[in-house]
Amino acid sequence: MEKVPYLDTEIRRWQVGPSTFLARPEAGARLMAWHITHADGTDRDIIHWPELTTTEEFHRVRGGNPILFPFSARTFENGELGFWRHPVTGERLPMAMHGYARQGRFTLSQVDARGFEATFVPDAEAQAAYPFNYEFKVSYRFAPLALVCEFSLTNLGEERLPWSAGHHFYFNVPWLPGAQRADYEIELPATQRWRQTATGQLIAGPTLPTTVSLADPALIDTIHTGLSSPLVRFGPADGTAGIVSLQHGVGDRPAPDATFVTWTLDDDAPFYCVEPWMGPPNAPEHQRGLHWVEPGQTGRFSVRVSVD
């Protein structure tokens, strides 16, 4: 691991076998990029990161892996966006889109040749929105052709606390010269698919086969649950050139309401987002995929990303 200059700041770089990982742990515990150098000297980007001219609005960059905590995406209270209700006091509280970790400050609690662990430091806005006594950590472990990211949420208070966190991986697609998105497909073993309405409800989503072209517009903003397997794979339709795999959790069976979300910005975007979440959006209101951590206990959520 080494520190390297980046625009007006410093970031960290890990070289693990053929893989290079770039991250800025103190700013949202943000993994920025991952590329693999092949034996012939050519590079392949796995995680997309755009060219920047400034680090202003760093948390809004469409790239890397923004951390979604304490809740993923949009929360609603009685149909109004940007709010949720405290499960004990009943107080109506604000909640930012994707929560507060991606734009938050972290302290680096551990770093070595294979990764890092960073601890969230909630500011006044985050404390007001999520008023619990807790410790939230993000840990990355890097391998030659894989990474594991684990969230840990320790309840330091006297009341149980809710969470439904997630990842927002921006994968580089397409990666073969001359290829188009239509040349790629995703294998996603979901039995239920949903969309979120403008007032936060989950409604039936598109009917899709297990294997779908990444060019299919029905995939965009679709919430995939009822997973028969924790493993999602995507890559060229002919099965060549390094399939990307994501494993949701650490066991062979997905947790109830384990979720993947598929999204991209438009047809010309150089990325496709495959996002493992603990549950569907707006979990505090509809309770699906809402997890609880009892006083003195630690809840965990782990995701593994690898290249075949």
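Rules used throughout
- Residues numbered from 1 in each chain as written.
- Predicted model: local features only at pLDDT ≥ 70, side-chain atom pairs only at ≥ 80, totals over all residues.
- Heavy atoms only, no water.
- Salt bridge = Lys/Arg side-chain N within 4 Å of Asp/Glu carboxyl O.
- Helix = DSSP H or I, 4+ residues; strand = E, 2+ residues; numbered from the N terminus.
- Buried < 20%, exposed > 50% of the residue type's maximum accessible area, 1.4 Å probe, protein only.
- Pairing = 2+ DSSP bridges.
- Axes fitted to C-alpha atoms, helices over the stretch in contact; angles between N-to-C directions.
- Phe/Tyr/Trp six-rings, centres within 6.5 Å; stacked < 30°, edge-to-face > 60°.
- Core = buried A, V, L, I, M, F, W, Y, C linked by side-chain atoms within 4.5 Å.
- Contact = heavy atoms within 4.5 Å.
- Lys, Arg positive; Asp, Glu negative; His and termini not counted.
- Polar contact = N/O pair within 3.5 Å; in protein donor to acceptor, adjacent residues only side chain to side chain.

Thoughts on the pattern of salt bridges
What the rule picks out here adds up to 12 salt bridges. A salt bridge links Glu 26 to Arg 12, with the shortest nitrogen-to-oxygen separation between them at 3.5 Å. Linking Glu 26 in the loop between β3 (19-24) and β4 (30-37) with Arg 12 in strand β2 (residues 9-16), this pair joins segments that are 14 residues apart in sequence. Look at Arg 12 and you get buried, because its relative accessible area is 11%.

Observations regarding the pairing of strand β26 (residues 271-277)
By the criterion of burial, β26 is predominantly enclosed, with 7 of the 7 residues buried. Burial of β26 is two-sided: the residues Phe 271, Cys 273, Glu 275 and Trp 277 facing one way and the residues Tyr 272, Val 274 and Pro 276 facing the other way are all buried. As paired elements, strand β17 (residues 170-172) and β26 share 3 bridges and run antiparallel to each other. Its bridge partner being in β26, Asn 172 is matched across the sheet by Phe 271. Looking at chain direction, strand β25 (residues 259-263) and β26 are connected through 5 bridges and run antiparallel. Bridged to Val 261 within β26 is Glu 275.

So, the sheet that holds strand β14 (residues 146-155)
Read across the open sheet, the 9 strands follow the order β11-β12-β13-β14-β28-β24-β23-β18-β21; overall the sheet is antiparallel. Looking at the sheet topology across the chains shown, the edges are occupied by β11 (105-112) and β21 (211-213). Going across the sheet, the axis of each strand differs from the next one's by a mean of 15 degrees, ignoring polarity. In this structure, strand β13 (residues 134-143) lies alongside β14, joined through 10 bridges in antiparallel fashion.

Here we look at the pairing of β2
Bridge analysis of strand β1 (residues 2-6) against β2 gives 5 bridges, and the strand direction is antiparallel. Paired with Val 4 across the strands is Ile 11, a residue of β2. Turn length for the β1-β2 hairpin, with the two strands adjacent in sequence and antiparallel, is 2 residues, and the turn residue Leu 7 shows positive phi of about 50 degrees. Of the pairings in the sheet, the one linking β2 to β3 comprises 5 bridges and is antiparallel in character. From the neighbouring strand, Trp 14 faces β3, where its bridge partner is Phe 21. Between the end of β2 and the start of β3, which pair antiparallel, lie 2 residues, with Gly 17 showing a positive phi angle near 60 degrees.

Let's talk about the packing of aromatic side chains
Per the stated rule, a full pass over the model turns up 29 aromatic pairs. Considering the side-chain rings of Tyr 170 and Trp 263, the 6.5 Å spacing of their centres and the 90 degrees angle between planes classify their relative orientation as edge-to-face. Taken together, the positions of Tyr 170 in strand β17 and Trp 263 in strand β25 put the pair 93 residues apart, joining distant regions of the chain. Accessibility expressed as a relative area gives 4% for Tyr 170, which makes it buried. The buried category is assigned to Trp 263, whose relative accessible area is 15%. Each residue in the set Phe 69, Phe 71, Trp 84, Phe 106, Phe 120, Tyr 130, Phe 132, Tyr 134, Phe 136, Phe 151, Trp 163 and Phe 301 is aromatic and connected to the rest through ring pairs, giving one cluster.

Quick word on the nonpolar core
In terms of nonpolar packing, the biggest core is built from 68 residues, with Phe 69, Tyr 130, Phe 136, Trp 163, Phe 171 and Phe 234 touching the most fellow members. Of all the elements, β13 adds the most residues to this core, at 5 residues. Here Phe 234 is in contact with Phe 171, Val 173, Trp 175, Glu 185, Ile 186, Leu 214, Ile 243, Val 244, Leu 246 and Val 274, once residues within four sequence places are set aside. Membership of the second largest hydrophobic core comes to 9 residues, among which are Val 4, Tyr 6, Met 32 and Ala 33.

Observations regarding the side chain of Arg 30
Here Arg 30 shows up in strand β4. It turns out Arg 30 is buried and unbridged, and the closest side chain with the opposite charge, Glu 57, is 11 Å from it. With sequence-adjacent residues up to four places away left out, Arg 30 is seen in contact with Ala 23, Arg 24, Pro 25, Trp 49, Phe 58, His 59, Val 61, Gly 63, Gly 64, Asn 65 and Pro 66.

Remarks on the side chain of His 59
With respect to the helices, strands and loops of the structure, His 59 is situated in the loop between β5 (43-47) and β6 (67-68). A relative accessible area of 19% means that His 59 is categorised as buried. Beyond its immediate stretch of four places on either side in the chain, His 59 contacts Arg 30, Arg 102 and Gln 103.

Looking at the environment of Asp 238
By the secondary structure assignment, Asp 238 is in the loop between β23 (231-236) and β24 (244-248). According to the relative accessible area criterion, Asp 238 is exposed, its value standing at 57%. When the C-alpha atoms of Asp 238 and Ile 220 are compared, they prove to be 22 Å apart, with 18 residues separating the residues in sequence.

Notes on the environment of Thr 154
For Thr 154, the position within the fold is in strand β14. Put simply, Thr 154 and Ala 269 are 115 residues apart on the chain and 37 Å apart in space, counted from C-alpha to C-alpha. Excluding residues that lie within four positions of it along the chain, Thr 154 makes contacts with Asn 133, Tyr 134, Glu 135, Gln 297 and Thr 298. Among the polar contacts listed, one links the side chain of Thr 154 to the side chain of Thr 298, at a separation of 2.8 Å.

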